[in-house]
Amino acid sequence: MRILLCGGAGYIGCHTYVELVQRGHQVVIADNFCNSSRKVLARLQRITGQSVDCRELDVRDRDALADLFADGDFDAVVHFAALKAVGESCEQPLRYFDNNISGTIVLLQAMRDAGVKRLVFSSSATVYGDPRQVPVSEDAPLSVTNPYGRTKLVMEELIGDLCRSDPGFLAANLRYFNPVGAHPSGLIGEDPAGIPNNLMPYICQVAVGRRERLQVFGGDYPTVDGTGVRDYIHVMDLARAHADALDCLVRDGQGFTVNLGTGSGVSVLQLVDAFARASGREVAYEIVARRAGDVAEVYADPALAHRLLGWQAQLDVDAMCRDAWRWQSANPRGYADD
Ligand code: NAD
Ligand code: WQD
């Protein structure tokens, strides 16, 4: 297939790029690099042994997208392009609505105009808000706890309306839980700008000496050790799921929404321990107050993804930590080290 990856230079997009190329697909990346580095492209070339076709554009740019689709001859689009920082979305909701929601509308219009009718969409477990029970299955009630989460829910709904209006348009909503880890080569990985919002990149930066200690947000949750529990999923497993989702859309001719997680909950302190074992480095931490908006425990019921796609996570927390550490230790300052 010829596949367009919008936001394909980012963390999950670049790992998915490798998986798709290695399965023999022709892949084009479109990205405006607002949260990624152009240096990832040379790394992708090293991993795949093939030159990378990347167009620098903003998905809200109607004309640029029309040009891209005019000679792209794409069979499908994978849409990663979004802003994703929860705290920032509370401070700048309009920026998030514009980038994520307007960007998606422009992209869907360009797909319609070009007759491209297969979409894989990066959704998130954030659409479950504060889940009433775990594990969370796809039919759990949906809700919103911040503007970023609202954009994901609205985008799923817009895509759903489009699918209902045109039965030939097929979409896969992939609800990622907590993506972590890196490609085993150590050449690509997560490289957040500024202070990391998410746990794993923060741990990595403490271990490599860029930050003094991790602040553990809350030690009094009703969980195994009082710290928050999440479903961490290796980005390589996630990448594989995108390729499987594309195959499934083509094979079954039906859209779907699936959770992508391991099905196991891991606490903050369990992840810190696993990382210390994998890296041989101590991870200094202190327990501080809860972070506003955080919930105690979220992990997936991933059974539907297994049933529909034949996909299940294969890599455990030790592999996630080992690969995250390989990336971080080889690139202490991320792509800026190049
Ligand atoms: P990322 O920021 O690394 O990648 C997103 C990419 O999209 C970046 O390269 C960025 O430059 C690009 N982009 C953003 N807005 C754009 C625009 N208007 N035009 C063109 N390019 C644009 O993030 P990621 O972690 O790879 O996440 C990918 C997707 O998965 C996002 O939609 C995110 O909301 C979703 N998601 C991420 C997580 C997570 O924890 N990483 C969890 C659930 C869902
Ligand atoms: C994980 C656990 C924190 C940082 C977020 C988004 C979600 C999705 C994934 C995009 C929690 C604790 C964290 C730190 C800590 N993204 N923590 N110290 O909050 O589950 O999900 O990213 O869709 O929408 O909300 O992930 O990595 O921020 O936190 O103690 O410095 O680690 O309290 O228990 P979260 P996270």
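Given the structure is predicted, the values throughout are model-derived calculations rather than measurements.

Criteria and thresholds
Throughout, a residue's number is its position along its own chain's written sequence, starting from 1. Each chain takes a letter, starting from A, and each ligand takes a number, starting from 1, following the order in which they are written. A pLDDT threshold of at least 70 governs which residues receive local features in this predicted model, and a stricter bar of 80 or more applies before side-chain atom pairs are shown or counted, although totals over entire chains, interfaces and linings include all residues. Side-chain descriptors were evaluated using all non-hydrogen atoms of the structure, hydrogens and water having been removed beforehand. For this description, a residue counts as near a given molecule or strand if any of its non-hydrogen atoms is within 4 Å of it. Any N or O atom pair separated by 3.5 Å or less is treated as a polar contact, with the protein-specific requirement of one donor-capable and one acceptor-capable atom, and with residues adjacent in sequence counted only for side-chain atom pairs. Accessible surface is estimated by sampling points in the Shrake-Rupley manner with a 1.4 Å probe; for residues, cover comes only from the protein chains shown. Helix numbering and strand numbering both begin at the N terminus, where a helix is a DSSP run of H or I of at least 4 residues and a strand a DSSP run of E of at least 2. Residues are grouped as follows: Ala, Val, Leu, Ile, Met, Phe, Trp, Tyr, Cys and Pro are nonpolar; Asp, Glu, Lys and Arg are charged; all remaining types, including Gly, are polar. Under this scheme, a helix contributes an axis fitted over its contacting stretch, all axes are lines through C-alpha atoms, and angles between N-to-C directions fall in the 0 to 180 degree range. Throughout this description, any angle smaller than 35 degrees is read as roughly parallel, any larger than 145 degrees as roughly antiparallel, any in the 65 to 115 degree range as roughly perpendicular, and the remainder as oblique. A crossing counts as left-handed when the near helix is turned anticlockwise from the far one by less than a right angle, and as right-handed when that turn is clockwise. Any two residues whose heavy atoms approach within 4.5 Å at even a single point are treated as in contact. UniProt positions are given in the numbering used here, feature names are shortened, and annotations may be inferred rather than shown by experiment. Centres within 6.5 Å make a pair out of two Phe, Tyr or Trp rings, where for Trp the six-membered ring is used; the pair is then stacked when the planes are under 30 degrees apart, edge-to-face when over 60, and tilted otherwise. Burial classes: relative accessible area under 20% of the type maximum marks a residue as buried, over 50% as exposed, and values in between as partly exposed (1.4 Å probe, protein chains only). Put simply, a charge is over a ring when the Lys NZ or the Arg CZ is close to the ring centre, within 6 Å, and near the line of the ring normal, within 35 degrees. Two strands form a pair only when DSSP identifies at least two bridges running between them. What is meant by a nonpolar core is a set of buried Ala, Val, Leu, Ile, Met, Phe, Trp, Tyr and Cys residues, joined one to another through side-chain atoms within 4.5 Å. Note on disulfides: each one is a pair of cysteine sulfur atoms within 2.5 Å.

Enquirer: So what's going on with the site of ligand 2? Residues and values would help.
Expert: As a structural note, the neighbourhood of ligand 2 is formed by 18 residues, with Ser124, Tyr148, Gln215, Arg230 and Asp294 the closest of them. A distance of 3.0 Å separates an oxygen atom of ligand 2 from a polar side-chain atom of Asn178. The separation between a nitrogen atom of ligand 2 and a polar main-chain atom of Gln215 is 2.7 Å. The fraction of the free accessible surface of ligand 2 (680 Å²) that becomes covered by protein chains is 87%. When residues of the shell around ligand 2 are assigned to their parent elements, the largest contribution, four residues, is made by strand 8 (residues 214-217). A per-class count over the shell around ligand 2 returns eight nonpolar, seven polar and three charged.

Enquirer: Kindly report on the packing of helix 9 (residues 268-279) against helix 11 (residues 317-330), identifying the contributing residues and their values.
Expert: Interhelical geometry of helix 9 versus helix 11 gives an angle of 60° and a closest axis separation of 8 Å. Between helix 9 and helix 11, the interaxial angle falls into the category oblique. The way helix 9 lies across helix 11 gives a crossing that is right-handed. For the pair helix 9 and helix 11, the contacting residues are Leu271, Ala274, Phe275, Arg277, Ala278 and Ser279 in the first and Val317, Asp318, Cys321, Arg322, Ala324 and Trp325 in the second. Its residues placed into classes, the contact of helix 9 with helix 11 shows eight nonpolar, one polar and three charged.

Enquirer: Give a description of the UniProt feature "domain: NAD(P)-binding" (unreviewed entry) in the chain that names residues and reports values.
Expert: Under the feature "domain: NAD(P)-binding" (unreviewed entry), the UniProt entry names residues 4-323. The span residues 4-323 carries 41% helix and 17% strand; its end-to-end C-alpha distance comes to 27 Å.

Enquirer: An account of the packing of aromatic side chains is needed here, citing residue identities and associated values.
Expert: Aromatic ring pairs are defined here through the distance separating the ring centres and the angle between the ring planes. This model, assessed by the stated rule, comprises four aromatic pairs. Their ring planes at 85° and their centres at 5.7 Å tell us that Phe69 and Phe74 sit as a pair that is edge-to-face. For Phe69, a relative accessible area of 6% translates into the label buried. Lying across the ring of Tyr202, Arg211 places its NZ or CZ 6.0 Å from the centre.

Enquirer: How would you sum up the packing of helix 5 (residues 93-114) against helix 6 (residues 147-165)? Please name residues and give values.
Expert: Closest axis-to-axis distance for the helix 5/helix 6 pair is 9 Å, and the angle between their directions is 20°. Relative to helix 6, helix 5 is oriented roughly parallel. Between helix 5 and helix 6 lies a crossing of right-handed hand. Between helix 5 and helix 6, the residues in contact are Pro93, Tyr96, Phe97, Asn100, Ile101, Thr104, Ile105 and Leu108 and Pro147, Tyr148, Arg150, Thr151, Val154, Met155, Leu158, Ile159 and Leu162, respectively. In terms of residue class, the contact of helix 5 with helix 6 is built from 13 nonpolar, three polar and one charged.

Enquirer: Outline the sheet that holds strand 3 (residues 53-56), listing residues and values.
Expert: With parallel pairing, seven strands are arranged side by side in an open sheet as 3-2-1-4-5-6-11. Both edges of this open sheet fall to strand 3 and strand 11 (256-260), since each of them pairs with a single strand only. Between one strand axis and the next, the sheet turns by 20° as a mean value, whatever way the strands run.

Enquirer: Now, about the nonpolar core: what can you tell me, with residues and values included?
Expert: With 47 residues, the main nonpolar core has Tyr17, Leu44, Leu174, Phe256 and Leu260 as its most contacted residues. A per-element tally of this core places helix 8 (residues 235-252) first, with eight residues. Among residues more than four places away in sequence, those in contact with Leu44 are Cys14, Tyr17, Val18, Ile29, Gly49, Val52 and Ile188. With 26 residues, the next largest nonpolar core counts Ala64, Leu65, Val77 and Leu119 among its residues.

Enquirer: Any chance you could break down the side chain of Ser279 for me, citing the residues and the numbers?
Expert: Relative to the assigned elements, Ser279 resides in helix 9. A relative accessible area of 14% means that Ser279 is categorised as buried.

Enquirer: Can you tell me about the state of the cysteines, naming the residues and giving the values?
Expert: Enumeration according to the criterion identifies zero disulfides in this entry. Distance from the sulfur of Cys14, which forms no disulfide, to the nearest cysteine sulfur (Cys54) is 11 Å. Unpaired in this structure, Cys54 has its nearest cysteine sulfur neighbour in Cys6, at a distance of 11 Å.

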